[in-house]
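Letter by letter, the chains look like this.
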Amino acid sequence: MHKVKWENLFSLDIPDAWVFHEEDGVISLFDDKDGVGVIQISFAKRKSQQEPTVQEAIDFATSYASQRGWAVSTKSVYSLNVGLGKAPASEISTQENIDGELNYWRVWHVMGKERMAFITYNCLVSDKNTEATLCDLIIGSFEWI
């Protein structure tokens, strides 16, 4: 694993075999040789001036799931704190049929004082456990700068 920093915004650890690139404000991370999925990261400005909370992250998760038409209840949203700064975050996972293929999604919302990181991981359902541990390590290392 090695630490990567983006524009004084955030840092995270990515596996040595993974590559990353940014296009149209979306950062993509993946193993371009043996990978089965991709992590994508984008950002939104927070409207609230108050200290970010896990509940805010949970609210974003349930709203996003609803917009996608995913049957994700509030009870199935995991709350967590990521990085050394213990940023409040949420995680949901679900399956979705896309063009006849069953896809697996993990979605995180990581709250910062000024921004929210919206992070997704997508792969085929049959591969959902292949990179799960790596995804946990990558997201767990997310740190606002």
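Here the structure is shown first, and the text comes after it.
Everything quoted here is computed from the prediction, not taken from an experiment. (Residues numbered from 1 in each chain as written. Predicted model: local features only at pLDDT ≥ 70, side-chain atom pairs only at ≥ 80, totals over all residues. Heavy atoms only, no water.)

Enquirer: Can you lay out the sheet that holds strand β1 (residues 2-6) for me, pointing to particular residues and giving the numbers?
Expert: Within the open sheet, the three strands sit side by side as β1-β2-β10. Their pairing is antiparallel. Unpaired on one side and paired on the other, β1 and β10 (143-144) mark the two borders of the sheet. Pairing analysis gives five bridges linking β1 to strand β2 (residues 10-14), with the strands arranged antiparallel. Across the sheet, the residue bridging to valine 4 is leucine 12, located in β2. (Pairing = 2+ DSSP bridges. Helix = DSSP H or I, 4+ residues; strand = E, 2+ residues; numbered from the N terminus.)

Enquirer: Lay out the pattern of salt bridges with the relevant residues and their values.
Expert: Here the structure, examined in full by the defined rule, presents seven salt bridges. Here lysine 3 ties to aspartate 13 by a salt bridge, and the two come within 3.0 Å at their closest N and O atoms. One end of the pair, lysine 3, is in strand β1; the other, aspartate 13, is in strand β2, and 10 residues separate them in sequence. Taking the relative accessible area as the measure of exposure, lysine 3 reaches 48% and is therefore partly exposed. Among the residues examined, aspartate 13 registers a relative accessible area of 22% and is labelled partly exposed. In this structure, glutamate 56 and arginine 46 form a salt bridge, with 2.8 Å as the shortest nitrogen-oxygen distance. Pair noted here: glutamate 56 is in helix α1 (residues 54-68) and arginine 46 is in the loop between β5 (38-45) and α1, with a separation of 10 residues, a long-range link. Taking relative accessible area as the criterion, glutamate 56 reaches 17% and is therefore assigned buried. In this structure, a network of salt bridges that share partners links the residues Glu91, Arg106 and Asp136. (Salt bridge = Lys/Arg side-chain N within 4 Å of Asp/Glu carboxyl O. Buried < 20%, exposed > 50% of the residue type's maximum accessible area, 1.4 Å probe, protein only.)

All quantities given are derived from atomic positions and should not be read as evidence of function.
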